[in-house]
Amino acid sequence: MDAKLLFEIRHLTKVFSAGSILGRKKILAVDDVSLSMPVKPEILSLVGESGSGKTTIARLILGFLKPTSGEIIYKGKSVTRMNKKERMNYLKEVQAVFQDPYGSFNPLRKVDYVLLTPIKKFKLTTSKEETYELITKSLEAVGLRSEEVLGKYPKELSGGQRQRIMLARAFLMRPQLLIADEPVSMLDASLRAGVLKIIFNLKNNLGVSFIYITHDLSTAHYISDKMAILYQGSIMEEGSAKRIVEEPMHPYTKLLIESIPMPDPKSRWQERLEIEKIELLSKSGISKSCKFSNRCSKKMDICTQKRPPMFDVNGVKVSCWLYQ
Amino acid sequence: MYADLLEVNNLSAYYMVQPPIKAVDGVTLSLGENEILGIAGESGCGKSTFALALLRLLRPPGNINGGDIIFNGVSILKMPENDFRKIRWKHISYIPQSSMNALNPVMRIQEQFTEIINFHEGRKSKKELKIRIEEALAKVNLAPDILNMYPHELSGGMKQRVIIAMAMLLNPEIIIADEPTTALDVVMQRKILQLLLDAKQVYGSSMIIITHDMAVHAQISDKIAVMYAGKVVCIGETGMLFDKPLHPYAQILISAIPSIKKTGELPSIPGLPPDPRNPPSGCRFHPRCPSFIKNKCDVEEPSLIEVKKNMLVACHLYG
C-alpha cells in the first residue's frame, strides 16, 4: 500500500435497483471508479452532469451508502475494515459540506447548535472557555466574527454566511479531507467567490484536502489542482485541472468545454449541436460499448465493441480508444 | 431599435407585507418584434417578479401597484382576467423557472398539450390534435413516442424541451423564459439555447429571457436590461453593453463573470445585495458602488436616460 496517499478509492461500484419486483431495473450509478489523493493538501474536482454519479460517490465516501463492490481506503486502511475507534477517527477527519445552505440548518435552533453538536459528540473540548475558543477560531478561519453570527437564527443570516458556518462546523473537527458537494451552486455570484476563497484558504494555509463536487467547470477550474470528468458513473478523463481545461482530450470533455457559454457576444456558438430525438432515463446495466459512444462525433468501430480502459497520455488518464 | 410589440411603462409590483417589499419598482422598457430582450441581475433584484407581473400571474401578497403594460397597442393590465386568459399562452407564453417541475406529474404529455389547444381553440378532432402536437414536438426535436409517457419518464433536458414545445405550441408573439437553463448541464444548456434561438429566427417569436448568467445573455440576447433592487439601471444593445458597460453595476457584473479562459483571482462583486424591505436611499447601488459621489448618489435617485443611441443608463456619472 502506498504510504504517500491520504485517501484512495479502488474500483468503487454502486448498483441501485429500481422499479417493482416484477420489473426490477439495475441502475449502475457508480461504475468502477478509482481515484487517489496525496497526503499533501490538494483540491480534486469531480465534474459531471446531473445523473453522472458524483453525489453517489460523495455519499459512499461519507458512509451514507454501502458500496456494491470496491474499496475506500483512508490513510492506508480500508473503511469497511476499520475498528470502532478508527471509524470514529475517520468520521471526524473526513467532513462534508452540502449544496443547500438553507436546508442544512434547523430553523428553530440558533446557529450555535450546529457548532456545539459536533463538539459534544466527539468531546473535542473539556471546558466552556475551550469550547468558545474553538468556535471563535473556526469561525475566524472562514472569515466570520463570532459576535456577528452566534446567538442568531439561521433565517437572520445570508446564504453565504450559512455556507461559511457549515465550513466552520466541518473545520472544528480538524479534518484532513472535506467533501464539498456543490457548495456554491445555490449562492449568488457575489457570495460564491467568497466561499470559494475560503476553500482555497483552508487548503493552502490550514492543510485541508478537498473533494469538490460540481457540474460547473468554471469554478472547478478556478480552485482545483486535479480534476476528474465523470460520465454515467465512470471517469472519462483525469489529470491536472489546468491541463484538462486547456487541452481536453476526451471527446466528452471537449464537448463540455466548448459548451460553456463564452461571456462575449462576439464569440457566439456557430456550430449546431445534434439534439437527440429520444434519450430515455433507463441506464442499461452492463454494456460493452464506450458509454459516450452514442453521442460521440469521433466514434469508431471498436468503441461499440469494447469498453476503453484508462490510457495514460503524458500524465493525463483518458478513457478513449483515440489514445490507444 | 425595433417596432415595439410590448411596452412596459413605470411598472411597479410589490409584495404587500409589512413593510412592503418593492420587488419591481417603476420599470420602463420595451420589446420589439423578433427581438430577444435579456433581463439580468443578482437573485432578489426582482427579475422573476417582473416576469410574473407581465403575465398577471402574481399571487397575493404580490400585487401590481402601478404602471401599465401595453401589448400590441392594448393595455393588458386593465382588461378583465377572462379576456387576458385568451392572451396568456396564445400571445404571451411562459417558460417558468424550474420548469422541469411545471409539468403535471399524473397526466400523460399528450393530455397536457391537448388541454392547451382545447382551451384556446375549442375542441379539435383527434387526428388534428395529433398533427398539431407532433409538429410542436418536432420543433424541439422530440420524437412523438414521448406523447404517451408521464413526465417522470423523461430526462431533465427532455422535460425542458416539452415545456418549450408547449410555450411555442400556439405560435405566440412573445415567449417569457425565466432561467430556462439554470438547472441543466452545459451541453443541454447549449441545446436549449439553440432551440430558443430557433423560436426567434425560424418562427419569428420575440422573447424575454431572464437569467443571472451573463454568458447566456452574451450568447442569445439582442439587448439587455440590467436590474438592481427592483429598478432597471441600464438597457443597451448586447454588443455595446459588453464592450462598454457604462453603469458601474453593469461593469462589475460583466467583469465578475467566471470564465474558463481567465485564471488567477476569482472575480467577485463586493458587498451584499440590498435588503429589499429597506433599500438604500438615492441610487440603490450606492453602498456598493466604486464611483460613489457623496451627497449626490445617496440622496438623489438617478433616472434612466439615453446617454447614446441604444444605451440607456440610470447613473449620476452620466447625468
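This text goes with the structure placed above it.
Below or above, wherever it landed, is the structure these notes cover. Nothing here was measured: the structure is a model prediction, and the numbers come from that model.

Residues and elements named next belong to chain B. Strand order in the open sheet formed by 8 strands is 6-7-8-3-9-10-12-11, and the pairing between neighbours is mixed. This sheet does not close on itself; its edge strands, each paired only once, are strand 6 (92-95) and strand 11 (305-308). Between one strand and the next, the sheet's axes are offset by a mean angle of 25°, whatever the strand orientation. Pairing of strand 3 (residues 36-40) with strand 8 (residues 206-210) involves 4 bridges; the strand directions are parallel.

The step from Q18 of chain B to P19 of chain B runs through a cis peptide bond, and the omega angle for that step is -10°. Positive phi, normally seen in glycine, also occurs at D32 of chain A, with a value near 55°. Within the secondary structure, D32 of chain A sits in strand 2 (residues 25-38). With a phi angle near 65°, N295 of chain B is a residue other than glycine that sits in the positive phi range. Within the secondary structure, N295 of chain B is located in the loop between helix 9 (248-255) and strand 11.

What follows concerns the interface of chain A and chain B. Taken together, the contacts link 39 residues of chain A with 55 residues of chain B. Between chain A and chain B the total buried area reaches about 4400 Å² when both faces are included, carbon and sulfur atoms providing 60% of it. Our count for the chain A to chain B interface comes out at 2 salt bridges. Where K266 of chain A meets D243 of chain B, a salt bridge forms, and the shortest distance between an N and an O atom there is 3.1 Å. Listing elements by their share of the side of chain A that touches chain B, those giving two or more residues are helix 7 (189-206), helix 8 (217-223) and helix 10 (251-258) of chain A.

Moving on, we get to the nonpolar core. Core analysis: the biggest nonpolar cluster contains 61 residues, and I165, L167, F210, L217 and M227 of chain A have the highest contact counts within it. Sorting elements by how many residues they give to this core places helix 6 (residues 159-172) of chain A first, with 7 residues. Leaving out residues up to four positions away in the same chain, F210 of chain A has contacts with M37, E42, I43, L44, L167, L177, L178, A180, I199, L202 and K203 of chain A. Of all hydrophobic cores here, the second largest spans 42 residues; its members include I109, I164, A165 and M166 of chain B.

When two helices pack together, you describe them by how their axes are tilted relative to each other and by the distance separating the axes. Residue and element names in this part refer to chain B. Their axes nearest at 10 Å, the elements helix 3 (residues 109-121) and helix 4 (residues 126-139) cross at an angle of 115°. The angle between the axes of helix 3 and helix 4 places the two elements in the roughly perpendicular class. In terms of crossing hand, the pair formed by helix 3 and helix 4 is right-handed. Here Q110, F113, T114, I117, N118 and E121 of helix 3 lie close against helix 4, whose contacting residues are L129, R132, I133, A136 and L137. Among the residues forming the contact of helix 3 with helix 4, the class breakdown is 6 nonpolar, 3 polar and 2 charged.

Looking now at helix 1 (residues 47-54) of chain B. An α-helical turn contains 3.6 residues, so a residue and the one three or four places further along point in the same direction. Residues and elements named next belong to chain B. Of all 8 residues in helix 1, 6 are buried, a share of seventy percent or more. Looking only at helix 1, the buried set comprises K47, T49, F50, A51, A53 and L54. At the exit of helix 1 stands R56, carrying a positive phi of roughly 55°.

Let's shift gears to the pairing of strand 7 (residues 174-178) of chain B. As a general feature of sheets, a regular strand has side chains that alternate between the two faces. Residues and elements named next belong to chain B. For strand 7, the tally of buried residues reaches 5 of 5 residues, placing the bulk of the element in the interior. Here strand 7 shows a buried face lined by I174, I176 and D178 and a second buried face lined by I175 and A177. As paired strands, strand 6 and strand 7 are joined by 4 bridges and run parallel to one another. Its bridge partner being in strand 7, Y94 is matched across the sheet by I176. Direction of pairing for strand 7 relative to strand 8: parallel, over a ladder of 5 bridges. Among the inter-strand pairings, D178 is bridged to a residue of strand 8, identified as I210. This β-α-β element, strand 7 to helix 6 (residues 186-201) to strand 8, shows right-handed connectivity.

On to the sheet that holds strand 1 (residues 4-15) of chain B. All names here are of chain B. Pairing within the open sheet is antiparallel, and its 4 strands lie in the order 2-1-4-5. The strands lining the two open edges of the sheet, one partner per strand, are strand 2 (21-32) and strand 5 (74-75). Two strands pair when backbone bridges link them, and strand 1 and strand 2 are joined in this way by 8 bridges, in the antiparallel orientation. Its bridge partner being in strand 2, Y15 is matched across the sheet by I21. Against the sheet, helix 1 contacts strand 1, strand 2 and strand 4 (62-71), and its axis sits at roughly 115° relative to strand 1.

Conventions and cut-offs
- Residues numbered from 1 in each chain as written.
- Chains lettered and ligands numbered in written order.
- Predicted model: local features only at pLDDT ≥ 70, side-chain atom pairs only at ≥ 80, totals over all residues.
- Heavy atoms only, no water.
- Pairing = 2+ DSSP bridges.
- Helix = DSSP H or I, 4+ residues; strand = E, 2+ residues; numbered from the N terminus.
- Axes fitted to C-alpha atoms, helices over the stretch in contact; angles between N-to-C directions.
- Contact = heavy atoms within 4.5 Å.
- Buried area = accessible area lost by both parts, 1.4 Å probe.
- Salt bridge = Lys/Arg side-chain N within 4 Å of Asp/Glu carboxyl O.
- Core = buried A, V, L, I, M, F, W, Y, C linked by side-chain atoms within 4.5 Å.
- Buried < 20%, exposed > 50% of the residue type's maximum accessible area, 1.4 Å probe, protein only.
- Parallel < 35°, antiparallel > 145°, perpendicular 65-115°, else oblique.
- Left-handed = near helix turned anticlockwise from the far one by under 90°.
- Nonpolar A, V, L, I, M, F, W, Y, C, P; charged D, E, K, R; others polar.
- Right-handed = clockwise from strand over helix to strand, strands pointing away.

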